[in-house]
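# Report on the structure
Residues per chain, in single letters:
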Amino acid sequence: MSTAFLGVEQSLTGRRWVGLSIEQTRQAEAMAQQTELPRPLCATLARLGVPVDAAESYLTPALRDLLPDPSVLKDMDAAADRLADAVRKRQKIAIFADYDVDGGSSAALLICWLRDMGLAATLYIPDRIDEGYGPNAPAMSGLAADHDLIICVDCGTLSHDALAAAVGADVVVLDHHLGGETLPPAVAVVNPNRQDEDGSLAHLCAAGVVFLLLVATNRVMRAERPVPDLMSMLDLVALATVADVAPLVGVNRALVRQGLKVMATRQRVGLRVLSDVARMDTAPTSYHLGFLLGPRINAGGRIGAPDLGARLLATDQEHEAQAMAERLDALNSERREIENAVRIAALAQAEERGLDAPLVWAAGEGWHPGVVGIVAARLKEASNRPAVVIGLEGDEGKGSARSVTGIDLGAQIQRLAAEGFLIKGGGHKMAAGLSVKREMLEPAMARLTEMMEKQGAGLLGPSDLRLDGIMMPEAASVDLIELIEQAGPFGAGAAGPRFVFPDQRILFTKPVGDGHLKISFGDGKPSKMDAIAFGAFNSDMGPALEAHAGRRFHLAGRVEINTWQGRRSAQLRLEDASLVQSPT
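All values reported here derive from a predicted model rather than from experimental measurement.

Quick notes on the rules
Residues numbered from 1 in each chain as written. Predicted model: local features only at pLDDT ≥ 70, side-chain atom pairs only at ≥ 80, totals over all residues. Heavy atoms only, no water. Helix = DSSP H or I, 4+ residues; strand = E, 2+ residues; numbered from the N terminus. Rg over C-alpha atoms; globule rule 2.2 N^0.38 Å. Buried < 20%, exposed > 50% of the residue type's maximum accessible area, 1.4 Å probe, protein only. Areas by Shrake-Rupley, 256 points an atom, 1.4 Å probe, with all protein chains shown as cover. Lys, Arg positive; Asp, Glu negative; His and termini not counted. Charge placed at Lys NZ, Arg CZ, Asp CG, Glu CD. Pairing = 2+ DSSP bridges. Axes fitted to C-alpha atoms, helices over the stretch in contact; angles between N-to-C directions. Contact = heavy atoms within 4.5 Å. Core = buried A, V, L, I, M, F, W, Y, C linked by side-chain atoms within 4.5 Å. 1 Å grid on protein atoms, 1.4 Å probe; cavity = no way out; pocket = protein on both sides within 12 Å on 5 of 7 lines; lining within 4 Å. Points joined across faces, edges and corners; volume = space filled by probe spheres on them. Nonpolar A, V, L, I, M, F, W, Y, C, P; charged D, E, K, R; others polar.

Across its full length, the chain carries 20 helices and 18 strands. Whereas a compact globule of 584 residues would reach a radius of gyration of roughly 25 Å, the chain reaches 24 Å, a difference of no more than 12%. Taken along its principal axes, the extent of the C-alpha atoms in the chain is 80 × 55 × 45 Å. When the 584 residues of the chain are sorted by exposure, 55% land in the buried category. Approximately 24800 Å² of the chain is accessible, and the part contributed by carbon and sulfur atoms is 50%. Across the chain, 58 positive and 73 negative side-chain charges occur, with their mean positions spaced 4 Å apart.

Bringing the sheet that holds strand E7 (residues 360–365) into the picture now. Across the sheet, which stays open at both edges, the five strands sit in the order E7-E8-E9-E11-E10 with mixed pairing between neighbours. Each edge of the open sheet carries a strand with a single partner, namely E7 and strand E10 (424–427). For this sheet the average axis-to-axis angle between neighbouring strands, irrespective of direction, equals 15°. Two strands pair when backbone bridges link them, and E7 and strand E8 (residues 387–393) are joined in this way by six bridges, in the parallel orientation. If you follow Ala 362 over to E8, its bridge partner there is Val 389. Packing against the sheet, helix H17 (residues 409–418) makes contact with E8, strand E9 (396–402), E10 and strand E11 (431–437), and its axis sits at approximately 160° to E10.

Take the environment of Pro 247 next. For Pro 247, the position within the fold is in the loop between helix H10 (234–243) and helix H11 (250–264). Measuring from C-alpha to C-alpha, the distance between Pro 247 and Phe 96 comes to 25 Å, with 151 residues separating the pair along the chain. Once residues lying within four places of it in the same chain are set aside, the contact partners of Pro 247 are His 203, Asn 252, Ala 492 and Gly 493.

Attention now moves to the nonpolar core. If you look at soluble globular proteins, the nonpolar side chains tend to sit buried side by side. Counting 87 residues, the largest nonpolar core has Leu 83, Trp 113, Leu 174, Leu 214 and Leu 239 as the members making the most contacts within it. A per-element tally of this core places helix H9 (residues 206–221) first, with 10 residues. In this structure, Leu 239 is in contact with Val 101, Ser 105, Met 263, Leu 271, Leu 289, Leu 293, Gly 294, Ile 297 and Leu 313, ignoring residues within four places of it in sequence. One finds Leu 12, Leu 517, Ala 536 and Met 541 within the second-largest nonpolar core, a separate group that totals 42 residues.

So, about empty space enclosed by the protein. Taken as a whole and assessed by the stated rule, the structure comprises one cavity of 30 Å³ or more. Estimates place the volume of the largest cavity at around 40 Å³. Forming the walls of the largest cavity are Tyr 99, Asp 100, Val 101, Gly 104, Ile 125, Ile 297, Pro 306, Gly 309 and Ala 310. A breakdown of the residues in the lining of the largest cavity according to their chemical character gives six nonpolar, two polar and one charged.

Here it is, written out as structure tokens:
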């Protein structure tokens, strides 16, 4: 095991600090010498695996260079031809979408594209509680009676029986969830995670797949008529990619980067109004998509209005958007209250079983299916273990699972269903959903625990905090932060850089909001910097900093630009701290 960064084996949040590897450090130094880019930026690029000779081009990714030919995906040409034919013949089209941000964004992409083509599509999003995830036979049969084409987005790959019920209509599936050994009956199943795909585009979310379909369909129809401007729709692709925690690598990074620029123009009325309701007062970043906009759009699907998010994203009416955005904001507040109650109960149950088991799980009577995924993520964070949380209702339970890096949870849950332990289950490496009979709950979790143990989940230690290097308050300028941000956007698969401000004196502390802490640190001007630590009092960090008594600390986190009354300044988003040990 490598030496802990600054010797911090256990920080105030219980984590071990880990710096760059020897190879990454050497690469960062070589990059700094050859490119004359700032050392913190070079450290970030080296950790992201960017070669020295590619540093400059990495900072200015061009979508045209990274966007794949849509036809490399199986069934893409058939899907594009069928959609183009539906437009030519003015056929009736229905969109069956999942109830999360990716499903809603995917549906909105299609609705907006079809509206530009002069067609109005029917939107159908199932109720999470009454219908569950994905197509179901009654819904598909009903849609088929009134439509010529049904497009399933962010779902459908494993829905063989439901798609077979769509008698009289053609079905196209645009999905990214793990595929099974056979494909459902459809004109086309476009999915980079089909078993017969090579996996080169496996990181795309459903909205990314839909965008590629629209690129392909525009290509088919361009000679016949004017086609919609797809670049203006990249805000939806960016939102879905970040909110669905798709890795920000390759084309995903370029899609999100360009999509953020589109979003900053505030042309899409739904996102503009929702941004205002969420009190976003700066240009959008991946953080805003993942933590401010995404949760609000998800709120409808979680607790009772499944189509609200997609309708907001697709509308072109200001008054309609305002009402929907305010409703989603209220639902999100309600979701937080429900989530908090379930989180407390689930954590207590999981702690009783032991947070050091290969699988951490909890199940409870009446736990709302709309929040079990978020609570599973909280359990995962608390334990650094794969986690499952299940809400029980009647003789059945519906749950969500979240994994940690290196443990493929989705494939194992799919296998668990194949072995008969679950009613159904599937998803991605990092996230999955499942349904289980009440009497099979304990056997299913015991079997999944065995599977997790074989993947080494039981050997994981406390989570590490990975750090890119050291920075001093006087060096943390707005210009430097803007340069570092060119290596982004940051998110899943491309974590944002974290730096340590070593041996700092605490100058000021003030608790703010619900468990947060504002501080200033340094040795006075110009070596002084402000920081905000969200949730500081959920660990020993908040109390230790507040009662610092003159002691000095290593402070770790992300540097960011804070805008207040038109003034921009560098700020540390403080994530961890460690007392400076006096020399013995």
